[in-house]
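# Notes for the structure review
The lines below spell out each chain.
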Amino acid sequence: MFDKKLKTRREEIGLSQEGVAAFFGENFSRQAVSKWECGNGYPEVEKLLICWQLNLTSHLICFLKMN
C-alpha cells in the first residue's frame, strides 16, 4: 500500500525519484526510492515520523517542486 501511494503521489506532483531522495538528504538515493515504490523496502520510521510530526507534507511538495 505504501509503495503504490508513494509512487502515485510523486507522479501527481510531477516529481522524479531523484527529487524525493534529494528532499530527504544525502543518506537517501533514487535507488532507495525505487526500492520503496517496488515494495522491497521502506524508509526509516524515524524519518517519516519527523516529517509527520513537523507537518512537512506541504514543505516537501514545495521543496520538490522548486528543485
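Residues numbered from 1 in each chain as written. Predicted model: local features only at pLDDT ≥ 70, side-chain atom pairs only at ≥ 80, totals over all residues. Heavy atoms only, no water.

### Here's the deal with the nonpolar core
In terms of nonpolar packing, the biggest core is built from 7 residues, these being L6, V20, A21, F28, A32, V33 and W36. Within the residue set of this core, elements represented by two or more residues are α2 (17-24) and α3 (30-37). In terms of residue count, the dominant contributor to this core is α3 (3 residues). (Core = buried A, V, L, I, M, F, W, Y, C linked by side-chain atoms within 4.5 Å. Buried < 20%, exposed > 50% of the residue type's maximum accessible area, 1.4 Å probe, protein only. Helix = DSSP H or I, 4+ residues; strand = E, 2+ residues; numbered from the N terminus.)

### So, the pattern of salt bridges
Within the structure shown, the criterion is met by 3 salt bridges. For R9, the salt bridge identified is with E12, shortest N-O distance 3.1 Å. Highlighted residues: R9 and E12, both in helix α1 (residues 2-12), separated by 3 residues, approximately one helical turn. (Salt bridge = Lys/Arg side-chain N within 4 Å of Asp/Glu carboxyl O.)

### Things to note about the side chain of R10
Position of R10 among the secondary structure elements: in helix α1. A polar contact of 2.8 Å, which involves the side chain of R10, links it to the backbone oxygen of L15. Sequence-distant contacts of R10, that is, excluding residues within four places in its chain, are made with L15, S16, Q17, V20 and E37. (Polar contact = N/O pair within 3.5 Å; in protein donor to acceptor, adjacent residues only side chain to side chain. Contact = heavy atoms within 4.5 Å.)

### Focus: α1
At 3.6 residues per turn, the α-helix brings residues three or four places apart onto the same side. When we look at burial in α1, the residues that qualify are D3, L6 and R10. Around the axis of α1, the buried residues are gathered within 70° of arc, so they sit on the same side. Opposite the packed face of α1, turned more than 90 degrees from it, sit the exposed residues K4, K5 and E12. The elements touched by buried residues of α1 are α2 and α3. G14 sits one or two positions beyond α1 and adopts a positive phi of about 75°. (Arc of directions from axis to C-beta.)

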